[in-house]
Amino acid sequence: MTQPLFAFDTSYARLPERFYSPAPPAPAPDPAFLALNRPLAEQMGIDPERLASEEGRDALTGRAAPEGAALIAMAYAGAQFGHFVPQLGDGRAVLLGEVVGPDGARRDIQVKGAGRTPYSRMGDGKAPLGPALREYLVSEAMHALGVPTTRALAVLRTGEVVLRDAPLPGAVIVRVATAHIRVGTFQYFASRGDREGLEILLNHAAERAWPETLEADNPAAAFLRAVSLAQAKLVAKWLSLGFIHGVMNTDNMSVTGETIDYGPCAFMDAYAAGRVYSSIDRHGRYAYGNQPKIAHWNLLQLAEALLPLMGETEEEAVAAAQEALDVFPGAFSDAWRGALQAKLGLTETREGDDALAEDFLAALEAGEADFTLAFRGLGALRAEGGPETDGPVRELFRKPGAFDAWAVRWRARLAEEARSDGERRAAMDQVNPAIIPRNHLVEEALRAAQDGDMAPFDALHAALAAPFADRPAGDRYAQPPAKEEEVRATFCGT
Ligand code: AMP
Ligand code: MG
């Protein structure tokens, strides 16, 4: 074979040496594929059959450096739960390199769980199989749900035992992103007073993610604006699906607008604005309903880092930063309002729609109703119906009567719309998924995988590839957990 497996062209490795550290992955003793994303490989111009072979297996598990690979860990800083840490970096991830696919898109390929790097601090650089498969499952489900996200190319078990609270089987997840450049990457250079580094990073990041901003009069401000708009839309998407990231530290926020670093993330079952799953989020900083506020705060950190590039004088820079940051609240509320409008089956905007949506959410919370099922159920209700035909939705509420009063208002509003029930339902079913990666299903699939049975993982993964399709009657994937199945806390597992 003359062609290399990956046609690497790694622009990040051509940046100055202080941007990264060499980090050859540790060879896995007994690797095997547990999941492989063939369609994604194809999209990236990688031969899926070759990737699935021993050659691919060894290239992804540190046994044979793939031709042309960069093998570096990226440097970054980050604000963790509000506290700035000047040096983090990839402590358990190695950038193999970038490839440009036949679609023209440049993508990073990163192996997470590949062993120690110069940024590992006290960690072992490894990943247990559970969290690796969790990221694969959830990030691919997010993609199918239409959410910008890093993708998962593969999970391979390593044949190693990883020590956490208990000995666990080890694995690596091979992750794909437009770029692994974080708000914390900018903070890294800013906090060192490295203006030149900052400028190089901005140029590189802009070229990768927001090339049009390079043409602006004030590229740094245009870049901040682009990231702010993308984050506003991203967080609105998260909220519209009941997704909780769980660790929105600035090192876990990508400037590409992709969801990144799936740790203790979760989709909620019953709606509650203050819902928190992450076991490390003791004060609920990253609760469901706080996510827009936190994204905005993270962007403020990005703005501060970019200040030296934003104007001749400090005054000028602050004004430009403020203006760019100020797009966030409006962009978020537009996106969130738009998402709720579509989720409720409305095409037009009328006074009172905000209250209608807010009151539905309030009713869900008071009634401890399942977020996903309630919205999906609305799609199937008839505009001419009432309590006698609304069973599937009203029964989700602790006191079904709580839904009835709201439904009267919703129907009055639907009467102002031109669509038939059938048209409205078809449109609503495109935005209100029938299934999401519910925590209890994910845990169940990961437990089985840990015991060597990949069948539940494969079945759940396959179902989540088409989250908007109707499910067969009584399907477990569409059901909320029974009381005893409920998952109350999620863990990083790092
Ligand atoms: P996270 O919040 O999980 O994205 O990780 C925060 C920081 O901790 C990053 O710098 C990671 O690279 C590092 N880290 C997490 N887990 C490990 C580990 N097992 N070994 C080394 N570094 C780690
Ligand atoms: Mg991280």
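Residues numbered from 1 in each chain as written. Chains lettered and ligands numbered in written order. Predicted model: local features only at pLDDT ≥ 70, side-chain atom pairs only at ≥ 80, totals over all residues. Heavy atoms only, no water.

A. Representation of the coordination of the magnesium ion (ligand 2) within the structure. Within the protein, Asn252 (OD1) and Asp261 (OD) serve as the donor atoms for the magnesium ion (ligand 2), at 2.0 to 2.1 Å. Asp261 shares its class with Asn252; the two are buried. (Donors = N, O, S within 2.8 Å, 3.2 Å for Na, K, Ca; no water. Buried < 20%, exposed > 50% of the residue type's maximum accessible area, 1.4 Å probe, protein only.)

B. Here's a closer look at the packing of aromatic side chains. In the structure shown here, the tally under the stated rule is 20 aromatic pairs. Note on Phe360 and Phe375: the rings are 5.0 Å apart at their centroids and 80° apart in plane angle, and the pair reads as edge-to-face. Here Phe360, found in helix α11 (residues 353–366), pairs with Phe375, found in helix α12 (residues 371–380); they are 15 residues apart in sequence, far enough to count as distant. Every member of this aromatic cluster is reached through a ring pair, and the members are Tyr271, Tyr288, Phe360, Phe371, Phe375, Phe397, Phe403, Trp406 and Trp410. The cationic tip of Arg192 hangs over the ring face of Tyr188; the distance from NZ or CZ to the ring centre is 3.7 Å. Over the ring of Phe375 we find Lys343; its NZ or CZ atom is 4.6 Å from the centre of that ring. (Phe/Tyr/Trp six-rings, centres within 6.5 Å; stacked < 30°, edge-to-face > 60°. Helix = DSSP H or I, 4+ residues; strand = E, 2+ residues; numbered from the N terminus. Lys NZ or Arg CZ within 6 Å of the ring centre and 35° of its normal.)

C. Highlighting unusual backbone geometry. Even without a glycine there, the phi angle at Arg121 is positive, about 50°. Following the sequence through the fold, Arg121 ends up in the loop between β7 (106–112) and β8 (127–128). We note that Asp261 has phi near 65°; this positive angle belongs to a residue other than glycine. You can see Asp261 is positioned in the loop between β11 (243–244) and β12 (266–267).

D. The pattern of salt bridges, seen in detail. Counted under the stated rule, the structure contains 44 salt bridges. Note that Arg438 and Asp269 form a salt bridge whose closest N and O atoms lie 2.7 Å from each other. You can see Arg438 sitting in the loop between α15 (421–428) and α16 (439–450) and its partner Asp269 sitting in the loop between β12 and α8 (291–306), a full 169 residues away along the chain. In this structure Asp269 comes out as buried when scored by relative accessible area, which is 8%. Measuring nitrogen to oxygen at the nearest pair gives 2.9 Å for the salt bridge that ties Asp359 to Arg409. Residue Asp359 is located in helix α11, and its partner Arg409 is located in helix α14 (residues 401–414); the two are separated by 50 residues in the primary sequence. Residues joined in a network through salt bridges with shared partners are Asp9, Arg14, Glu98, Arg106, Asp108 and Arg208. (Salt bridge = Lys/Arg side-chain N within 4 Å of Asp/Glu carboxyl O.)

E. Layout of empty space enclosed by the protein. With the rule as written, the count across this model stands at 4 cavities of 30 Å³ or more. When its volume is computed, the largest cavity comes out at roughly 80 Å³. Lining the largest cavity we find 15 residues, and of these Ala26, Gly113, Ala114, Thr158 and Val172 sit closest to its centre. Residues of the lining of the largest cavity, tallied by class, amount to 8 nonpolar, 5 polar and 2 charged. The volume enclosed by the second largest cavity comes to roughly 50 Å³. Taken together, Gln231, Leu234, Trp238, Met248, Asn252, Met253, Ser254, Glu258, Thr259 and Ile260 form the lining of the second largest cavity. Taken together, the residues of the lining of the second largest cavity sort by class into 5 nonpolar, 4 polar and 1 charged. (1 Å grid on protein atoms, 1.4 Å probe; cavity = no way out; pocket = protein on both sides within 12 Å on 5 of 7 lines; lining within 4 Å. Points joined across faces, edges and corners; volume = space filled by probe spheres on them. Nonpolar A, V, L, I, M, F, W, Y, C, P; charged D, E, K, R; others polar.)

F. The arrangement of the nonpolar core in detail. In this structure, Phe6, Tyr12, Phe186, Phe223, Phe360, Leu364 and Leu378 are the most contacted members of the largest nonpolar core, which totals 124 residues. Looking at this core element by element, the count peaks at 14 residues for helix α7 (residues 219–241). Among the domains, domain 1 (12–177) and domain 2 (183–337) are the pair contributing at least three residues each to this core. If we ignore the near neighbours within four places in the chain, the residues touching Leu364 are Tyr271, Ala369, Phe371, Ala374, Phe375 and Phe397. Formed by 24 residues, the second largest nonpolar core is a distinct cluster that contains Leu129, Leu133, Phe457 and Ala478. (Core = buried A, V, L, I, M, F, W, Y, C linked by side-chain atoms within 4.5 Å. Domains from an automatic or database assignment. Contact = heavy atoms within 4.5 Å.)

G. A look at the domain arrangement of the chain. Domain parsing of the chain yields domain 1 (12–177) and domain 2 (183–337). Taking the mean C-alpha position of each, domain 1 and domain 2 sit 23 Å from one another. If you look at the interface, domain 1 gives 34 residues, while domain 2 gives 38 residues. Taken over both partners, the interface formed by domain 1 and domain 2 buries close to 3,000 Å², and the fraction arising from carbon and sulfur atoms is 60%. (Buried area = accessible area lost by both parts, 1.4 Å probe.)

H. Geometry of the site of ligand 1. Around ligand 1, the structure places 18 residues, and the nearest of them are Gly89, Gly91, Arg92, Arg121 and Gly125. A distance of 3.0 Å separates an oxygen atom of ligand 1 from a polar atom in the side chain of Asn252. Measuring from an oxygen atom of ligand 1, one finds a side-chain N or O atom of Asp261 at 3.2 Å. Surface burial for ligand 1 is 87%, taken as the share of its 480 Å² of free accessible area covered by protein chains. For the shell around ligand 1, the per-class residue count stands at 2 nonpolar, 8 polar and 8 charged. Composition of the shell around ligand 1 by domain shows at least three residues from each of domain 1 (12–177) and domain 2 (183–337). (Near = heavy atom within 4 Å. Polar contact = N/O pair within 3.5 Å; in protein donor to acceptor, adjacent residues only side chain to side chain. Areas by Shrake-Rupley, 256 points an atom, 1.4 Å probe, with all protein chains shown as cover.)

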